[in-house]
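Each chain, written out:
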Amino acid sequence: MLSGYLTVRQSCPVCAEPLHHQRADDGPAYLTILIVGHLMAPLLLFVFTHWRPEPLMLATAFTVGTVGLSLYLLPRLKGAMVGLQWAKRMHGFGGALPVE
Ligand SMILES: [Zn+2]
């Protein structure tokens, strides 16, 4: 569904389902920040209060962990968001509305 890291293809290379209707916009980035923030902030407090590591060690480990988790989650959440829009027939995914 994605070409490269985050670009959504015009259509599915397997079944030719048009994907250009997607309007993920800032949603995947919002969800990534929401999830990573709610995981890493309590973990930072836990690690700090239980082990009191060296500040440079703590900052380095959490920088790598936060960036790595964000880069892992972002394309997956974008795929999930486009899939949700497809499943709910949003933004033209269902084709033209039937004329009554
Ligand atoms: Zn397909």
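Just so you know, these numbers come straight off a predicted model, no measurement behind them.

A.B. asks: How should the overall build of the chain be read in this particular structure?
C.D. replies: On a plain count of helices and strands, the chain comes out with 2 helices and 2 strands. Mapped from its N terminus to its C terminus, the chain presents α and β elements in the order β-β-α-α. A compact globule built from 100 residues would reach a C-alpha radius of gyration of about 13 Å, whereas the chain, at 19 Å, exceeds it by more than 25%. Along the three orthogonal principal directions, the C-alpha set of the chain runs to about 65 × 30 × 15 Å. For the chain, with 100 residues in total, the buried portion stands at 5%. Counting contacts in the chain only where the partners sit at least 6 residues apart, residues at least 24 apart contribute 62% of the total.

A.B. asks: In this structure, what is going on with the packing of helix 1 (residues 27–51) against helix 2 (residues 55–87)? I would like to understand it.
C.D. replies: Two packed helices can be described by the angle between their axes and the distance between those axes. It is at 8 Å that the axes of helix 1 and helix 2 come closest, and there the two elements cross at 150 degrees. With respect to helix 2, the axis of helix 1 lies roughly antiparallel. The chirality of how helix 1 crosses helix 2 is right-handed. For the pair helix 1 and helix 2, the contacting residues are Gly27, Pro28, Ala29, Leu31, Thr32, Ile35, Val36, Met40, Leu44, Val47 and Phe48 in the first and Leu58, Phe62, Gly65, Thr66, Leu69, Ser70, Leu73, Leu74, Leu77, Lys78 and Met81 in the second. By residue class, the composition of the contact of helix 1 with helix 2 is 16 nonpolar, 5 polar and 1 charged.

A.B. asks: I would appreciate a short explanation of unusual backbone geometry in the present structure.
C.D. replies: Most peptide bonds take the trans form, and the phi angle of most residues other than glycine is negative. Backbone geometry places Arg89, a non-glycine residue, at a positive phi of 60 degrees. Here Arg89 is to be found in the segment after helix 2.

A.B. asks: What am I meant to see in the environment of Ala87 here?
C.D. replies: Relative to the elements of secondary structure, Ala87 occurs in helix 2. Note on Ala87: 9 C-beta atoms within 10 Å, which makes it exposed. Note: C-alpha distance between Ala87 and Met1 (86 residues apart in sequence) is 15 Å.

Rules behind the numbers
- Residues numbered from 1 in each chain as written.
- Predicted model: local features only at pLDDT ≥ 70, side-chain atom pairs only at ≥ 80, totals over all residues.
- Helix = DSSP H or I, 4+ residues; strand = E, 2+ residues; numbered from the N terminus.
- Rg over C-alpha atoms; globule rule 2.2 N^0.38 Å.
- Buried ≥ 20, exposed ≤ 12 C-beta atoms within 10 Å, placed from the backbone.
- Contact = placed C-beta atoms within 7 Å.
- Axes fitted to C-alpha atoms, helices over the stretch in contact; angles between N-to-C directions.
- Parallel < 35°, antiparallel > 145°, perpendicular 65-115°, else oblique.
- Left-handed = near helix turned anticlockwise from the far one by under 90°.
- Nonpolar A, V, L, I, M, F, W, Y, C, P; charged D, E, K, R; others polar.

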